[in-house]
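So you can see what is in the structure, the chains are spelled out below.
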Amino acid sequence: MRSKTVVADDGIPLHVGVTGAGPDVVVLSGGPGCVHYLEHDELAPRGMRAWHPEPRGVGRSGGGPHDLERAVADLEAIRRAGNIDNWVVLGHSWGSDLAVRYALDHPNRVRAVVGVAGHGLHKDRTWSRAYESSKHLEAAIEIDWEPDVHAALNASFIRWIHEPDLFRRLADSTVPMTLVAARADIRPSWPLRQLATLVPHGRFEELPGVAHHFWSTNPQVWADLVTRACRE
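What counts and what doesn't
Residues numbered from 1 in each chain as written. Predicted model: local features only at pLDDT ≥ 70, side-chain atom pairs only at ≥ 80, totals over all residues. Heavy atoms only, no water. Helix = DSSP H or I, 4+ residues; strand = E, 2+ residues; numbered from the N terminus. Contact = heavy atoms within 4.5 Å. Salt bridge = Lys/Arg side-chain N within 4 Å of Asp/Glu carboxyl O. Buried < 20%, exposed > 50% of the residue type's maximum accessible area, 1.4 Å probe, protein only.

**Student:** What should I look at first to understand the environment of cysteine 230 in this one?
**Tutor:** Inspection of the secondary structure assignment puts cysteine 230 in helix α8 (residues 219-231). The spacing of cysteine 230 and proline 23 is 207 residues in sequence and 9.7 Å in space, taken between C-alpha atoms. Apart from residues lying up to four places away in sequence, cysteine 230 is in contact with Val25, Pro45, Met48, Val88, Leu90 and Val114.

The structure is reproduced here in structure tokens:
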């Protein structure tokens, strides 16, 4: 894994890990506000050049709390710095939701979205009750995170999913989107099924035998999945 620093359009330095060679894929980890827990050579899609941006205000990146618009602008700064015309956008958990937002804002720069174990574009009480009632069953994974960055991005996400034209934009999207649910995830998968049905080039897939953090518990399964999904 090679370490790079990219300066965003407002002068903030952003850490980016880069590994591999081939077609470009940007890998977005979850949170929001977590360090880039997927920044490991063995987790990257094989046969591709994978970019792992650490969010501003987190870990090795400068800056602080920000909104979705700024998160998308930071990804664009990294794409331009790498002289990349377009790339696959791979996201896990919150990173899956950010990948969808990026694809809606910059469709000509996204060959495909691969979202794994995402939340989905909703704020639903029944989903939240199901998640909260099962949290004690989920194995704890220690990941460093920044609460202020998390709060700012979560608030921005809620504003975004209430925008009146969101579903219209999704239904008009030309970007292929593959949404993958982990079958043993405590997070209900119905929002991902809905999203895959809504977008014209959407596809839903359920992966048996793994839970939300299978990048950590089943790294080979993760690497095999993202390699296949990013190259389809």
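**Student:** Sorry if this is basic, but what is going on with the pattern of salt bridges here?
**Tutor:** One side chain can pair with another of opposite charge once the charged atoms of both are near each other. As enumerated under the stated definition, the model contains 23 salt bridges in all. Note that aspartate 9 and arginine 70 form a salt bridge whose closest N and O atoms lie 2.7 Å from each other. Linking aspartate 9 in the loop between β1 (2-7) and β2 (13-19) with arginine 70 in helix α1 (residues 68-81), this pair joins segments that are 61 residues apart in sequence. Ionic pairing is found between aspartate 74 and arginine 70, a salt bridge with its closest N-O pair at 3.3 Å. Of the two residues, aspartate 74 and arginine 70 are both situated in helix α1; the distance of four residues between them amounts to about one turn of the helix. By relative accessible area, aspartate 74 is classed as buried at 5%. Via salt bridges that share partners, Asp9, Asp10, Arg56, Arg70 and Asp74 belong to a single interconnected network.

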